[in-house]
Amino acid sequence: MSEVSDRQLVELALEGSQSAYIPYSNYRVGAALLTTSGEVFSGCNVENAGYSSTICAERTAMVKAVSEGHQQFSTMAVVSRGAGSPCGVCRQFMFEFSPAMKVILADLDGQVHMITTLVELLPHGFGPANLEENEA
Ligand SMILES: [Zn+2]
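To keep things clear, this report deals only with the structure shown in the data block. (Residues numbered from 1 in each chain as written. Predicted model: local features only at pLDDT ≥ 70, side-chain atom pairs only at ≥ 80, totals over all residues. Heavy atoms only, no water.)

Concerning the coordination of the zinc ion
- All of the protein donors around the zinc ion are Cys56 (SG), Cys87 (SG) and Cys90 (SG); their distances to the metal are 2.2 to 2.3 Å.
- Within one chain, the residues donating to the zinc ion are spaced in sequence as C-x30-C-x2-C. On the criterion of sequence distance, the pair formed by Cys56 in the loop between strand 2 (40-44) and helix 2 (57-67) and Cys90 in helix 3 (residues 88-95) is long-range, its members being 34 residues apart. As far as burial versus exposure is concerned, Cys56 and Cys90 are alike and both buried. (Donors = N, O, S within 2.8 Å, 3.2 Å for Na, K, Ca; no water. Helix = DSSP H or I, 4+ residues; strand = E, 2+ residues; numbered from the N terminus. Buried < 20%, exposed > 50% of the residue type's maximum accessible area, 1.4 Å probe, protein only.)

Structural notes on the environment of Val78
- Its place among the elements puts Val78 in strand 3 (residues 73-80).
- Judged by relative accessible area, Val78 falls into the buried class, the value being 1%.
- Separated by 61 residues in the primary sequence, Val78 and Ser17 have C-alpha atoms spaced 9.2 Å apart.

So, the pattern of salt bridges
- With the rule as written, the count across this model stands at 2 salt bridges.
- For Lys102, the salt bridge goes to Asp6, with nearest N and O atoms at 3.0 Å. Taken together, the residues Lys102 in strand 4 (residues 102-106) and Asp6 in helix 1 (residues 6-17) connect sequence positions 96 residues apart.
- For Lys102, a relative accessible area of 28% puts it in the partly exposed group.
- Here Glu11 makes a salt bridge to Arg7, at a shortest N to O gap of 3.2 Å. With a gap of 4 residues between them, Glu11 and Arg7 both fall in helix 1, about one helical turn apart.
- Of the residues examined, Glu11 reaches a relative accessible area of 37% and is grouped as partly exposed.
- Looking at Arg7, the relative accessible area reads 41%, which means it is partly exposed. (Salt bridge = Lys/Arg side-chain N within 4 Å of Asp/Glu carboxyl O.)

Here's the deal with helix 2
- Residues of helix 2 that are buried: Ala57, Glu58, Arg59, Thr60, Ala61, Met62 and Ala65.
- Packing partners of the buried residues in helix 2 comprise strand 1 (29-35), strand 2, strand 3 and helix 3.
- Following helix 2 by one or two positions, Gly69 adopts a phi angle in the positive range, close to 95°. (Contact = heavy atoms within 4.5 Å.)

Geometric descriptors of this kind do not, in isolation, establish any biological role.
What follows is the structure, given as structure tokens:
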């Protein structure tokens, strides 16, 4: 299995962004999620007339991966105008599975603006460990 580079992941996120359904905001987002086993799941934002039903590209990619049996991730690339960073809901959603994952933020020209980690984006995040029962 060949290693997927950051550059390839950004290109796959750009490809994913082409499917964005954005009639309301016209804010195109694409994501590409690399599993620790080397597979990539892409996603786009999907808006909805009921605005709060909208789902982001990052969560689209995560749900595609988890629904196919993957729960361990090494990198998420996200592309958008101005290389926006994941919203709070997505940070929380991503934290569930792989808090240490690398996050690459690039613009719609594929220019990388930031490489960080999820823990940097969501310090002291709430995760599965918080729900483990401790014996008193
Ligand atoms: Zn989001």
